[in-house]
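# Results of the structural survey
The lines below spell out each chain.
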Amino acid sequence: MAIAQKWLTHLSNTRHNNLFASRKQQQQPMCFIQHHRLVCHGCYLSMNGCIEGQDKEKNHVGTIETRTLEPVTSLAMAMYNLNNAISQLKTEPPFYTSSGIVRLQVPIEEKVEAIDWLHSQNHLLLPRCFFSGREQNEDNLVSVAGVGSAVFFCHSHPFSYWDWRSIRRFLSERCPLIRAYGAIRFNAKAKVSSEWQAFGSFYFMIPQVEFNELEGGSMLTTTIAWDNALSRTWENAINALEATFCKVSSSIVKSPKQAPPTLILSSHNIPSRVDWHLSVNRALQMIKQNDSSLTKVVLARSTRVVPTADIDPLKWLACLKDEGANAYQFFLQPPNAPAFIGNTPEQLFHRKSLHITSEALAGTRARGLSPALDCQIELDLLTSPKDDNEFTIVRETIRRKLEAVCEKVVIKPKKMIRKLPRIQHLFAQLAGRLEREEDEFEIMSSLHPSPAVCGYPTEEAQLLIAETEVFDRGMYAGPVGWFGGGESEFAVGIRSALVEKDLGALIYAGTGIVEGSNPYLEWDELELKTSQFTKLVKLDLPLIQKVDCK
């Protein structure tokens, strides 16, 4: 019980019930407009926390609190205790504010993987999410899985400062594990295709029921959020939580670490190899023009794989996670939507209080089959003028963007190799200090899209991408991660796929085009990057029909 007791002692200090607004402020009328309501589990409306209207300067919700129940030895006991706590809250509501968010959590001595917990839940229990960071943090939190939304944030307009403020209303530094998980489109101004429609321009959720995988233990939590001004009363919220919680399973089914053998009906690339060569050559011509400021553009490819049997996105994610050293794993599925999954090595930014880190990642090579060959490939990458040019553009652009907001920016190391199980990249880490936490939105909007997934200069690269690519990137290459009270972390949504029932998977990959790029080699790089997905299905069988779509 040592781990659980440590959690009880550490988290009991997070209890927080604070009326952020003065009595005078609470009596003022609140001006919110409801929109984008979605039916959650067919019974209760889920609350969209995005604020619209003229009066956008809203304080935090009236009540923000984390309550830690007594540690238990098993998931079944945690379910029992949480169910009793929910029933007690329903019969004796202790909160009398018009808005709030309350997290109930039970430390569990038994260690269960969060992805196994999510895999054990009904796949119709939506929305659902999963996020696993690359490094263990000081809270011993390894990964998080969630179902249902206590509050979600979604809209068709581009993610704005006011949307960020809408999310921040429900977060507090004193309740660090109340977090909003989600993703943002690569280009909110691009036309939205049908497969990405339900995600909106951005989609974030604070889960109703959440499972935390800890180093040496676990934790099961429930979260209730309400806001009378959004027509989400305390009674609505507690009833919705009760409806979700009764569908949560306490039985754990281990996710297989290997995908079952699958026959592929078809595999379609957009663009085709021929069109890809034309696009790359056109980009190279623009880069060489004297009157063009374009020095790099990242062009991407979408590959639809249709198997004979449905792909289980969580099984795929479990396979990716098994080889996901030095990478983030993520899963996001809104109601009536495909699942967006990925295994990305690239950090967009990590904020801890005022401290900010970001990363430059560019240049790609395969790993060698032997240590000697691996070192030879590493040396080739380190000494390649073309790759150094691409990497320097990325690193220096991120440095300038951080310097515009941070007091001081340090780059350490300036350039090194980051090795992943299947590939290796040039890498540098940048760190700085914000003047105020409000600059978090400025950092995100400045760093995205980075030259690693878009190009440089950004405007020229985005224009060429919009003119060249005939598919919707959606959340591919966009920010994916979470906002917290005193801490936030976002990765770049590359090495990702969209998995949809009966339609197979759309696998995305991109590569940077700079002077000296070779269309044939860049195509091979796309194949290398998508191989972590394609290895999960049998693409080499005689029955496969490979088609390059124009």
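Residues numbered from 1 in each chain as written. Predicted model: local features only at pLDDT ≥ 70, side-chain atom pairs only at ≥ 80, totals over all residues. Heavy atoms only, no water.

## Here we look at the overall build of the protein chain
- Helices and strands together make up the secondary structure of the protein chain, namely 13 helices and 24 strands.
- The proportion of buried residues among the 550 residues of the protein chain is 59%.
- Long-range contacts, defined as pairs at least 24 residues apart, comprise 78% of the intrachain contacts of the protein chain with a sequence gap of at least 6.
- For the protein chain, the exposed surface amounts to about 22200 Å²; the carbon and sulfur share of it is 51%. (Helix = DSSP H or I, 4+ residues; strand = E, 2+ residues; numbered from the N terminus. Buried < 20%, exposed > 50% of the residue type's maximum accessible area, 1.4 Å probe, protein only. Contact = heavy atoms within 4.5 Å. Areas by Shrake-Rupley, 256 points an atom, 1.4 Å probe, with all protein chains shown as cover.)

## Quick notes on the pairing of strand β22 (residues 496-500)
- The buried fraction of β22 amounts to four of the five residues, a majority that puts the element mostly inside the structure.
- As defined by bridge partners, strand β13 (residues 339-344) adjoins β22 across four bridges and the pair is classed as antiparallel. Across the sheet, Ala339 pairs through a bridge with Val499, a residue of β22.
- Strand direction decides the pairing type here: β22 and strand β23 (residues 504-513), joined by five bridges, are antiparallel. Each residue of the ladder has a partner; that of Glu500, found in β23, is Gly504.
- Taken together, β22 and the strand that follows it, β23, pair antiparallel across an intervening segment of three residues, in which Asp502 is found at a positive phi of about 70°. (Pairing = 2+ DSSP bridges.)

## A look at the pairing of strand β18 (residues 423-433)
- Counted residue by residue, β18 has nine buried out of 11 residues, so it is predominantly covered.
- With 11 bridges joining them, strand β15 (residues 355-366) and β18 adopt antiparallel strand pairing. From the neighbouring strand, His355 faces β18, where its bridge partner is Arg433.
- In this sheet, β18 lies alongside strand β17 (residues 416-419) in antiparallel orientation, the contact comprising four bridges. Paired with Ile417 across the two strands is Leu426, which belongs to β18.

## Details of the packing of aromatic side chains
- In total, this model carries 24 aromatic pairs according to the counting rule given.
- On the numbers, 5.9 Å between centres and 65° between planes, the contact of Phe153 with Phe170 is edge-to-face. Of the two residues, Phe153 is situated in strand β6 (residues 141-155) and Phe170 in the loop between α5 (161-168) and β7 (180-184); the sequence distance between them amounts to 17 residues.
- Ring plane angle 75° and centroid distance 5.0 Å describe the contact between Phe159 and Phe202, whose orientation is recorded as edge-to-face. Of this pair, Phe159 sits in the loop between β6 and α5 while Phe202 sits in strand β8 (residues 202-214), and the two are 43 residues apart along the sequence.
- An aromatic cluster of three or more residues is present, and its members are Phe159, Tyr161, Trp162, Trp164, Phe202, Phe204, Phe349, Phe441, Phe483 and Phe490.
- The lysine or arginine in question, Arg301, covers the ring of Trp523, its NZ or CZ lying 4.6 Å from the ring centre.
- The cationic tip of Arg418 hangs over the ring face of Phe427; the distance from NZ or CZ to the ring centre is 4.1 Å. (Phe/Tyr/Trp six-rings, centres within 6.5 Å; stacked < 30°, edge-to-face > 60°. Lys NZ or Arg CZ within 6 Å of the ring centre and 35° of its normal.)

## What about unusual backbone geometry?
- Looking along the chain, the bond that leaves Leu126 and enters Pro127 is cis, with omega of 0°.
- As for its placement among the helices and strands, Pro127 is situated in the loop between α4 (114-119) and β5 (128-132).
- Looking along the chain, the bond that leaves Tyr456 and enters Pro457 is cis, with omega of -10°.
- Mapped onto the elements, Pro457 comes out in the loop between β19 (455-456) and α12 (458-468).

## What about the packing of helix α7 (residues 273-288) against α12?
- Where α7 contacts α12, the two axes come as close as 12 Å, and the packing angle between them is 150°. When the interaxial angle is binned, α7 and α12 end up roughly antiparallel. Helix-helix and strand crossings are classified by hand; for α7 and α12 the assignment is right-handed. Contacts from Ser279, Arg282, Ala283 and Met286 in α7 reach Leu464, Glu467 and Thr468 in α12. (Axes fitted to C-alpha atoms, helices over the stretch in contact; angles between N-to-C directions. Parallel < 35°, antiparallel > 145°, perpendicular 65-115°, else oblique. Left-handed = near helix turned anticlockwise from the far one by under 90°.)

## Describing the packing of helix α3 (residues 75-91) against helix α6 (residues 234-245)
- Where α3 contacts α6, the two axes come as close as 10 Å, and the packing angle between them is 155°. Looking at the two axes, α3 sits roughly antiparallel to α6. Where α3 crosses over α6, the two elements pack in a sense that is left-handed. For the pair α3 and α6, the contacting residues are Met79, Leu82, Asn83, Ile86, Leu89 and Lys90 in the first and Trp234, Ile238, Asn239, Leu241, Glu242 and Phe245 in the second.

## Some points on α6
- A rise of 1.5 Å per residue sets the reference length of α6, with its 12 residues, at 16 Å; its end C-alpha atoms lie 16 Å apart and thus fit the reference within 8%.
- Within the sequence span of α6, burial applies to Trp234, Ala237, Ile238, Ala240, Leu241, Ala243, Thr244 and Phe245. (Expected span 1.5 Å × (residues − 1).)

## Let's talk about the environment of Met77
- In this fold, Met77 is placed in helix α3.
- A relative accessible area of 39% places Met77 in the partly exposed class.

## Observations concerning the nonpolar core
- By size, the foremost hydrophobic cluster in this structure holds 100 residues, and its most contacted members are Phe159 and Phe204.
- Membership of the second largest hydrophobic core comes to 52 residues, among which are Val102, Ala237, Leu317 and Ile507. (Core = buried A, V, L, I, M, F, W, Y, C linked by side-chain atoms within 4.5 Å.)

## Digging into the pattern of salt bridges
- Considering all chains together, one arrives at 30 salt bridges under this definition.
- The partner of Lys419 in a salt bridge is Asp374, with the nearest N and O atoms 2.9 Å apart. Pair noted here: Lys419 is in strand β17 and Asp374 is in helix α9 (residues 371-383), with a separation of 45 residues, a long-range link.
- Among the residues examined, Lys419 registers a relative accessible area of 28% and is labelled partly exposed.
- Between Arg436 and Asp439 there is a salt bridge, with its nearest N and O atoms 3.2 Å apart.
- Salt bridges linked by common partners bring Lys296, Arg365, Asp380, Lys386, Asp387, Glu390 and Glu522 together as one network. (Salt bridge = Lys/Arg side-chain N within 4 Å of Asp/Glu carboxyl O.)

## A word on the side chain of His277
- Positionally, His277 belongs in helix α7.
- The contacts of His277, once residues within four sequence positions are left out, are Pro519 and Tyr520.

## Some words on the side chain of Glu522
- Take Glu522: it is sitting in helix α13 (residues 519-534).
- Setting aside its immediate chain neighbours within four residues, Glu522 contacts Trp276, Lys386, Thr511, Gly512, Ile513 and Ser517.

## Re α9
- The terminal C-alpha atoms of α9 lie 18 Å apart, and with 13 residues this matches the ideal 18 Å at 1.5 Å per residue to within 8%.
- Every buried residue belonging to α9 is among Asp374, Ile377 and Leu381, and all of these are buried. For α9, the angular spread of the buried residues around the axis is 65°, confining them to a single face. Every exposed residue of α9 that faces more than 90 degrees away from the buried side is listed here: Ala372, Gln376, Leu379 and Thr383.
- Packed against the buried residues of α9 are β15, α10 (385-403), β17 and β18. (Arc of directions from axis to C-beta.)

Coordinates in, geometry out; function isn't part of it.
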